[in-house]
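# Descriptive analysis of the structure
What follows is the residue order along each chain.
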Amino acid sequence: MNSAKREKLGFGSKAVYYAPDAETQSINMPIYMSSSFQYTAESYQRVVDGERKEVNIYGRCGNPAEYQFEEQMMQIEGADACLATASGMAAISVALFGLLKSGDHIVCDWTTYSSTHEMLDHRLTDYGITTTFVNMADVDAVAAAIQDNTKVLYMETIANPTMKVAAIPPLVKLAHERGIVVICDNTFASPYVIRPLEWGVDLVLESATKFIGGHSDAIGGTICMKSDILPADFLEQIRWNTMVKLGSPISPFSAWLLLRGIQTLHVRVERMCQTAMTLAKYFETHPKVNQVWYPGLPSHPQHDIAVAQMPKFGGMLTFAVKDADAAVKVLGTLELATFAASLGGVRTTTQIPATMAFLDIPEEQLASMNISQGMIRVSTGLEDAADLIADFEQALAKI
Ligand SMILES: Cc1ncc(COP(=O)(O)O)c(C=O)c1O
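Residues numbered from 1 in each chain as written. Predicted model: local features only at pLDDT ≥ 70, side-chain atom pairs only at ≥ 80, totals over all residues. Heavy atoms only, no water.

### Here we look at the domain arrangement of the protein
Under the domain assignment, the protein is made up of domain 1 (3–262) and domain 2 (266–396). If you average the C-alpha positions of domain 1 and of domain 2, the two centres end up 26 Å apart. Between domain 1 and domain 2, the contact holds 38 residues from the first and 40 residues from the second. Of the roughly 3,100 Å² buried at the junction of domain 1 and domain 2 (both faces included), carbon and sulfur atoms supply 66%. Linking domain 1 with domain 2 are 0 salt bridges, by the criterion used here. The tally of links between domain 1 and domain 2 comes to 12 residue pairs in polar contact (both at pLDDT 80 or more). Here the residues of the side of domain 1 that touches domain 2 are counted per class, giving 21 nonpolar, 13 polar and 4 charged. (Domains from an automatic or database assignment. Contact = heavy atoms within 4.5 Å. Buried area = accessible area lost by both parts, 1.4 Å probe. Salt bridge = Lys/Arg side-chain N within 4 Å of Asp/Glu carboxyl O. Polar contact = N/O pair within 3.5 Å; in protein donor to acceptor, adjacent residues only side chain to side chain. Nonpolar A, V, L, I, M, F, W, Y, C, P; charged D, E, K, R; others polar.)

### Some thoughts on the sheet that holds strand E10 (residues 338–339)
Strand order across the open sheet formed by 5 strands is E8-E9-E12-E11-E10, with mixed pairing between neighbours. Each of the sheet's edge strands pairs with one partner strand only, and the pair in question is strand E8 (291–293) and E10. The sheet contact formed by E10 and strand E11 (residues 349–351) spans 2 bridges and is parallel. In the strand pairing of E11, Phe339 is matched with Thr350. Against the sheet, helix H11 (residues 265–284) makes contact with E8, strand E9 (316–320) and strand E12 (375–379), and its axis sits at roughly 10° relative to E9, the strand it touches most. Against the sheet, helix H13 (residues 324–333) makes contact with E10, E11 and E12, and its axis sits at roughly 30° relative to E12, the strand it touches most. (Pairing = 2+ DSSP bridges. Helix = DSSP H or I, 4+ residues; strand = E, 2+ residues; numbered from the N terminus. Axes fitted to C-alpha atoms, helices over the stretch in contact; angles between N-to-C directions.)

### Focus: the pairing of strand E4 (residues 150–156)
Counting buried residues in E4 gives 6 out of 7 residues, a clear majority hidden from the surface. Note that strand E2 (residues 105–109) and E4 share 4 bridges and pair parallel. Residue pairing across strands places Val107 opposite Leu153, the latter belonging to E4. Alignment of E4 against strand E5 (residues 181–185), held across 5 bridges, turns out to be parallel. Looking across to E5, one finds that Met155 is bridged to Cys184. (Buried < 20%, exposed > 50% of the residue type's maximum accessible area, 1.4 Å probe, protein only.)

Below is the structure:
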């Protein structure tokens, strides 16, 4: 199928389409578990001429399953280019180290995934790159935080774990008027729920480990780009000058597993969105639950923004019980949902952000990020909603 036809396909068709392997006619991408590739006269000449794109040289620079994974991700994100990495954190690191230099400044939301927050708040400061943390839902506060040396506006489309949804268009406008690159981590939503590049974002990052892989068996990440302010070959530049140098390529086997995951992403996430909405409504009426955060609920602080920019509300939700002890008791009592790190898999997983992912961040700082000790994060899986409700019902009855 030619690329113009492919472009017009719906999300699901793009996700499953694969032109069989020309050599073997295999209808699935073969995996080449090879760390090194033999040069041909032609590939050698291309490398010498600096045309290294998709030339198989050495596993750290790329591999065939990775290129196919990048192609499929470009299709479902609506991107012009994609770079796959070893993990979601590798995508974040490669994007930031590739873009920034000492003296640069980032404006970022108060709440992001804990390792991202620590990367901005600690690691990057060691290299002279500073960050101002603001409430991205407040566009005036973002405008006030921008400095002459601000190079990046960074946010999560649905923030982990507070479920905050910032309005993308005014932030993009504000940033682009000043030549600032907008980066969105779309992990909590997935490209089925929102495609930030269509809203003007320059770089969208995914921890493909989560919804894209979908089966809790592979780690990987992607950086997808569609940008008027970055050079067209920006991702190729950072593939060679940052990803290859940091040594963070995706393994062929992970790329292959993630390719398989993409094919069912739309079906899985559709069902997860329905279950998340059912659970959110259930928690909202439960007497032991103090608060529920789900963008699809009218009670969510940015519900109107979510309705305007997201056709779906995602498979993630958060609710709060009275304190950390009660949260541990509930999660330890669940029999169907699994008390475990990570998200986006076929099994419902739960965790306590304050004492798990955010353990290294002091309690007062967490409170300022709206993360309470009794907050519970739920990643809805593919179980039946009625069985999940029965499971939470028996667990909440214990506190
Ligand atoms: C929003 C978000 N971004 C990035 C990551 C990092 O992804 P990975 O574990 O694949 O490095 C996570 C991990 O939980 C996440 O929740």
